[in-house]
Every structure is written in C-alpha cells, then in structure tokens.
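# Summary of structural features
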Amino acid sequence: SSHLGASRGSAARTRAPQRRGAGNFPCPARRRWRGSAARRQARGPMNYSHDTETDVVWAADQLRRKKLLGTGLPDSSVRRETTSLPKATLTRLGDGATLVLSDTAAPGEATLGSALSALAINARDGPHCAHICRDLLAIVADRDRVALHREFCELKGVEAVALVIRDHIGEPVHAALQILDKLSRTSARQIAAAGAIDEIVRCAEKEGQAPRVIEAALRVLHGLSFDSEAKPLLVRRGVRELAEALAGTGPPPTYADGVATVPLEADIERAHQAWQDVLSISTRLLARMGGPKVGGIRRHPLV
C-alpha cells in the first residue's frame, strides 16, 4: 500500500496542473462570456463610432436651435416625406408627363413638396405656374384636409403662392388666389404672417384687372375676415373702403378690353356675369367689415 501511495504521489507531481474549470466542466464565468459573445454576434458588429455619431446629432440639433432663435420658425427637423398628389389631378403636358414629379419619391409619384419645389424653380414662367397652381388647388380644395393645409403652410407654400400673385398676371394669379381662398378659413393667420394680404389687396386694386381675378381676391379677403387676428389687418389695409368702392360702382368703361387679355373671358356676356359676381362678393365683404361708413350703397347698373 505504501508503494502504491508513493507511485500515486509521483504521478500527481509529474501531471501538468489544470486550470480550474477546464475540460468538460466549464466554470460559470466562461459560460457567461460565451453567452454574451453569442448575443453580440446576433446583434451584428459593434459600432465603435456610436459616441461620435451621437455628438454629431447633438451638434446639429444645437445649430438648428441657434439658427431658429428669434426667427419665429418652429423647432422641427428637416421634412423628408410629404403628401402625395393624386395622379388623376395632375396637369399633363403634350408628351403625357407632369410638371411636379419627385426625384425622391417612387417613380412617377408627385408630392406636395415636389410641387412647391417646381413652383419655385419655374417662378418666372407664367404657364408653368398656372399648371402647378391648378395641381395644388386640386388637393387643397378638400374641406376635410386640415392637416394638409397645415403641412402646406409649414412647407412655405403660402409664401410661394404670394410670389405668384405679385409677379404674374392673368391665369396664374387666378389659380393662386383660388388656393388662398381654400386656405383662408383654416390658415388665416399664416396667410397674414406671410404678408400675402398686401399682395391680395394690390391685385384687387389694380386698374384693368379681370373681373374673375378681382372676385377671387375678394373671396380670399372675405374668408380672412372670419379670423379675429386677421380682420384688424384688413381694416388697417383699407379693405372696407375697397369693398365699398367696388360694391357701389359698376365696371369701368374699358373693362371688356381687360377681360379680352385673360383666357376664357373674351365673351362680353360672361364678363357681365363675372362683374355681377364681383358686386355680390364685395357686398358680402363690406357687410363683414362693418358696412359702409356713411349712408347706404349706391349701385350703378351694368351696361
């Protein structure tokens, strides 16, 4: 037995020492390490630039806040996606293409953002502005699209339409005024903040203006009169005097010549009906603005 004990002791001394947990019985620490490695492999490669990317995002946020400070603009990130325009409402060109196709949207899809971008690019081209404004009018005409009207204002659509009214005559101005007419009840304060009231009044006061353009301008002013903050601006701009002058006078002697320069109004009978519409909306606008200053309205018959 002593010989067996000595042999066992010598074998134990010559055997290589084993680490704890080696072999078929891994320790708990190794099991945890293997589990965390498997989870890291399942999540993908580690992003060693995470801290740098976080710093870049934070710096961009602070820079945006600094630029917007004192400008009155909302603190929001850049809008990447906008509302799609129905294809059925888009104005087609001779080759079947449209004017407001988006480069970032799906092939053949036009969006509100691309339409406003196309309006800014073609700001000097009257026919293009008229086509694009009609495309925009088709989508803002829905009374249930309050959210779309808000998005239109956030994308500076009111400012773009006001530039069309300022720089063009005839059909583009008429289509742009119709857009503001649809926005006047839901976005009156945004229209006033964009300075569009001055352009609308100048359009209505312009000598030789087509009657349907005057009617569209008066309809916008009538819609703005329902807002408590926009109405004092109308009074200050002399809208009541304008409405009183239009409601109490007939068309100018040369109104047929001015009508002939606008498409679809060369017929004198249709121009006569257009002036009837001008008198009707000017009377309604005058009532909204508090009525005539002195006495009633003296109407002159249309000849």
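Residues numbered from 1 in each chain as written. Predicted model: local features only at pLDDT ≥ 70, side-chain atom pairs only at ≥ 80, totals over all residues. Heavy atoms only, no water.

### Examining the overall build of the protein
Note the cut-off: Strands here are runs of E lasting at least two residues and helices are runs of H or I lasting at least four, both read from the DSSP assignment and numbered beginning at the N terminus. Only protein chains enter the area calculation, which uses a 1.4 Å probe; residues under 20% of their type maximum are buried, those over 50% are exposed, and those in between are partly exposed. Any two residues whose heavy atoms approach within 4.5 Å at even a single point are treated as in contact. Method for areas: the Shrake-Rupley scheme with a 1.4 Å probe, in which residue coverage is limited to the protein chains shown.
Helix and strand counts for the protein come out as 15 helices and zero strands. Of all 303 residues assigned to the protein, the portion counted as buried reaches 35%. Here the contacts in the protein between residues at least 6 apart in sequence split such that 66% fall between residues at least 24 apart. If you sum the accessible surface of the protein, you get close to 18,800 Å²; carbon and sulfur atoms cover 53% of it.

### A word on the pattern of salt bridges
What counts, and what does not: For this analysis, a salt bridge means a side-chain nitrogen from Lys or Arg found within 4 Å of a carboxyl oxygen belonging to Asp or Glu.
Inspection of the entire model under this criterion finds ten salt bridges. Notably, a salt bridge pairs Asp-227 with Arg-189, separated by 3.2 Å at the nearest N-O pair. With a gap of 38 residues between them, Asp-227 in the loop between α11 (211-224) and α12 (230-236) and Arg-189 in helix α9 (residues 188-193) connect regions that are remote in the sequence. Note that Arg-202 is salt-bridged to Glu-199, the shortest N-O span being 3.1 Å. Taken together, the residues span about one helical turn, with Arg-202 and Glu-199 both in helix α10 (residues 196-205) at a distance of three residues. Overall, Arg-202 belongs to the partly exposed group, its relative accessible area being 44%. Overlapping salt bridges, with partners in common, bring together Arg-124, Arg-166 and Asp-167 in one network.

### Structural notes on the packing of helix α4 (residues 112-121) against helix α5 (residues 126-140)
To keep it simple, the criterion reads: Convention adopted: a line fitted to C-alpha atoms gives each axis, helices being fitted over their contacting stretch, and angles between N-to-C directions are expressed from 0 to 180 degrees. The cut-offs work like this: below 35 degrees is roughly parallel, past 145 is roughly antiparallel, 65 to 115 is roughly perpendicular, and the gaps in between are oblique. Handedness of a crossing is defined here by the sense of rotation of the near helix relative to the far one, left-handed for an anticlockwise turn of less than a right angle and right-handed for a clockwise turn. Only Asp, Glu, Lys and Arg are considered charged in this grouping, and only Ala, Val, Leu, Ile, Met, Phe, Trp, Tyr, Cys and Pro are considered nonpolar; every other residue, Gly among them, is considered polar.
Running from N to C, α4 and α5 point in directions that differ by 155°, and their axes come no closer than 10 Å. In terms of orientation, α4 lies roughly antiparallel with respect to α5. Seen along the crossing, α4 lies across α5 with a hand that is left-handed. Across the interface between the two elements, Leu-112, Ala-115, Leu-116, Ala-118 and Leu-119 from α4 touch Cys-129, Ile-132, Cys-133 and Leu-136 from α5. By residue class, the composition of the contact of α4 with α5 is nine nonpolar, no polar and no charged.

### A word on the confidence of the model for the protein
Using the following cut-off: A score between 0 and 100, pLDDT records how confident the predictor is in each residue.
With 62% of its residues at a pLDDT of 70 or more, the protein shows a mean pLDDT of 75. For residues 254-261, every residue scores under 50 in pLDDT, and the model assigns this stretch eleven contacts once sequence neighbours within four places are set aside. Scored below 50 in pLDDT, residues 298-303 makes 16 contacts in the model with residues more than four places away or belonging to other chains.

### Quick notes on the nonpolar core
Counted only if it meets this: Put simply, a nonpolar core is a bunch of buried Ala, Val, Leu, Ile, Met, Phe, Trp, Tyr and Cys residues held in one set by side-chain atoms that sit within 4.5 Å of each other.
Among the nonpolar cores identified, the biggest contains 57 residues, and Phe-152, Leu-180 and Leu-221 are the most heavily contacted of them. If you tally residues by element for this core, the top one is α11, at eight residues. If sequence neighbours within four positions are ignored, Leu-180 has contacts with Val-158, Val-161, Ile-165, Ile-191, Ala-196, Ile-200 and Val-220.

### Comments concerning the packing of aromatic side chains
Note the threshold: Put simply, two rings from Phe, Tyr or Trp (the six-membered ring, in Trp's case) pair if the centres are within 6.5 Å, and we call them stacked under 30 degrees between planes, edge-to-face over 60, tilted for the rest. A ring is scored as having a charge over it whenever the NZ atom of a lysine or the CZ atom of an arginine sits within 6 Å of its centre and within 35 degrees of its normal.
Tallied over the full model, the rule gives zero aromatic pairs. Between Arg-185 and the ring centre of Phe-226, over which it is positioned, the NZ or CZ distance is 4.0 Å. Here the guanidinium or amino end of Arg-288 rests over the ring plane of Phe-226, the centre of that ring lying 4.0 Å away.

### Focus on helix α8 (residues 171-183)
Rule in force here: The length a helix should cover is 1.5 Å for every residue beyond the first.
Over its 13 residues, α8 extends 19 Å from the first C-alpha to the last, a length consistent with the 18 Å expected when each residue adds 1.5 Å. Three or more residues of α8 are buried, namely Pro-172, Val-173, His-174, Ala-175, Ala-176, Leu-177, Ile-179, Leu-180 and Leu-183. Where α8 is buried, its residues contact α5, α6 (146-154), α7 (157-167), α9, α10 and α11.

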